[in-house]
Amino acid sequence: MQIENRTAFITGGASGLGEAVTRHLHSLGANVVVVDRSAKRGHALQEALAERILFVPADVAEEESMSKAVRLAVEKFEALHIAVCCAGIAPAKRVLGRDGIMPLELFAETIQVNLVGCFNAVRLAAEAMMINAREGDGERGVVIMTSSIAAREGQVGQAAYAASKGGVDSLTLPLAREFSPLGIRVMTIAPGLFNTPMMDSISDEAKESLAGQIPFPQRLGRPVEFARLVAEVIGNRMLNGSVIRLDGALRMGPK
Ligand SMILES: NC(=O)c1ccc[n+]([C@@H]2O[C@H](COP(=O)([O-])OP(=O)(O)OC[C@H]3O[C@@H](n4cnc5c(N)ncnc54)[C@H](O)[C@@H]3O)[C@@H](O)[C@H]2O)c1
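Sequence order sets the numbering: in each chain, residues are counted from 1 along the sequence as written. In keeping with the predicted nature of the model, local features appear solely for residues at pLDDT of at least 70, side-chain atom pairs appear and are counted solely at 80 or more, and the whole-chain, interface and lining totals rest on all residues. Excluding hydrogens and water, the side-chain values take into account all heavy atoms of the structure.

Chemist: What exactly am I supposed to notice about unusual backbone geometry here?
Modeler: What is expected of a backbone is that most residues other than glycine have negative phi and most peptide bonds are trans. Cis rather than trans, the peptide bond between Phe216 and Pro217 has omega equal to -5°. As for its position among the elements, Pro217 is in the loop between helix H7 (204–212) and helix H8 (223–235). Of note in the backbone geometry, Arg52 takes a positive phi value of approximately 55° without being a glycine. In this model, Asp137 sits at a positive phi of 60°, which is unusual for a non-glycine residue. Topologically, Asp137 is positioned in the loop between helix H4 (104–129) and strand E7 (141–146). Secondary structure follows DSSP: runs of H or I at least 4 residues long count as helices, runs of E at least 2 residues long count as strands, and numbering of each begins at the N terminus.

Printed below as a string of structure tokens:
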């Protein structure tokens, strides 16, 4: 799928990895629709990019507000070709912690945002893509979801997060298989450790120690490196139905 003059729908597109995707695809000539529950960051980004951008404040897990976001995107830019799902939360909590048992709501909220919210965006965006004219090889659209290497190597304190991302990994192939006859590809990127606001709660020292565990390069990933892989996935039609790790060979230990 070409990027220039196409429309990308980016959830969590106002911060971190999603913001980098928004900026990168915009710089390559795409219209960008940023969906995020942070209105402050979303409006600031809309002001900064000024044109070919629509910010819609919405919660990915809500049916109505997301369906409205897709409708507004199609109204403004006439079609939707690319969906990148970055919205996510990463609470760190042991199931049996010193302060008691993990509340069931925390587990449910993590699944609701990271897995149900991602699925909600994908189903609505794919429905909108079905009306696109077929391009080369019959392609109509591309969906990229964001998982995490924690889906495979969840650490102590990541039970809820790892389970939610494992769900995203597992969605990839059945969605790709179902959408293939429609000309819509589905891929997932599983990042290792990236320097984004999600990491703000971690001290600089702890970040340095984490970076030291990455075989090469021994630093946290830069959000633009994630965005560049997104652009490659959009452009490369043979990428379909799989999960790509982007992690500098990091394999996380138990803690
Ligand atoms: N940063 C990392 O090291 C890392 C590693 C692996 C995976 N990831 C995944 O990458 C994605 C992006 O993470 P990030 O590091 O850029 O985090 P971030 O906190 O900088 O950005 C996440 C964005 O999602 C938005 N968001 C959260 N819940 C939402 C909801 N219910 N509805 C709408 N928007 C919502 C937030 O407002 C924020 O703008 C997440 O899914 C995260 O799990 C990040």
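Chemist: Is there a simple way to explain a nonpolar patch on the surface in this structure?
Modeler: The residues that make up patches have over 30% relative accessible area and no salt bridge, and they are joined within 9 Å when like-charged or within 5 Å when they are Val, Leu, Ile, Met, Phe, Trp or Tyr. Using a 1.4 Å probe, accessible areas were evaluated by the Shrake-Rupley method; residue-level cover was limited to the displayed protein chains. Whenever Lys or Arg places a side-chain nitrogen within 4 Å of a carboxyl oxygen from Asp or Glu, that contact is recorded as a salt bridge. The grouping of Val95, Leu96 and Ile101 at the surface amounts to a nonpolar patch, some 340 Å² of accessible area in total. Turning to its location among the elements, Ile101 is positioned in strand E6 (residues 100–101). Judged by relative accessible area, which is 64%, Ile101 ranks as exposed. Buried means the residue's accessible area, taken with a 1.4 Å probe over protein chains only, is under 20% of the maximum for its type, while exposed means over 50%, and partly exposed covers the values in between.

Chemist: Mind showing me how you'd approach the site of the ligand here?
Modeler: Throughout this document, a residue counts as near a molecule or strand when at least one of its heavy atoms sits within 4 Å of that molecule or strand. With respect to spatial proximity, 27 residues lie near the ligand, and among them Ser15, Asp36, Tyr161, Phe194 and Thr196 are the closest. Pairs of N or O atoms within 3.5 Å make up the polar contacts considered here, provided that, within protein, one atom can donate a hydrogen while the other can accept it, and that residues adjacent in sequence are counted only when both atoms are side-chain atoms. A distance of 2.8 Å separates an oxygen atom of the ligand from a polar atom in the backbone of Leu17. With respect to the ligand, the side chain of Asp36 contributes an N or O atom lying 2.5 Å from an oxygen atom. When the ligand sits alone it has 820 Å² of accessible area, and the protein chains cover 94% of it. Elements supplying a minimum of two residues to the shell around the ligand: helix H1 (16–27) and helix H6 (159–179). Each residue is assigned to one of three groups, with Ala, Val, Leu, Ile, Met, Phe, Trp, Tyr, Cys and Pro labelled nonpolar, Asp, Glu, Lys and Arg labelled charged, and all others, Gly among them, labelled polar. Here the shell around the ligand is composed, by residue class, of 13 nonpolar, 10 polar and four charged.

Purely spatial values, then, with no claim about function.
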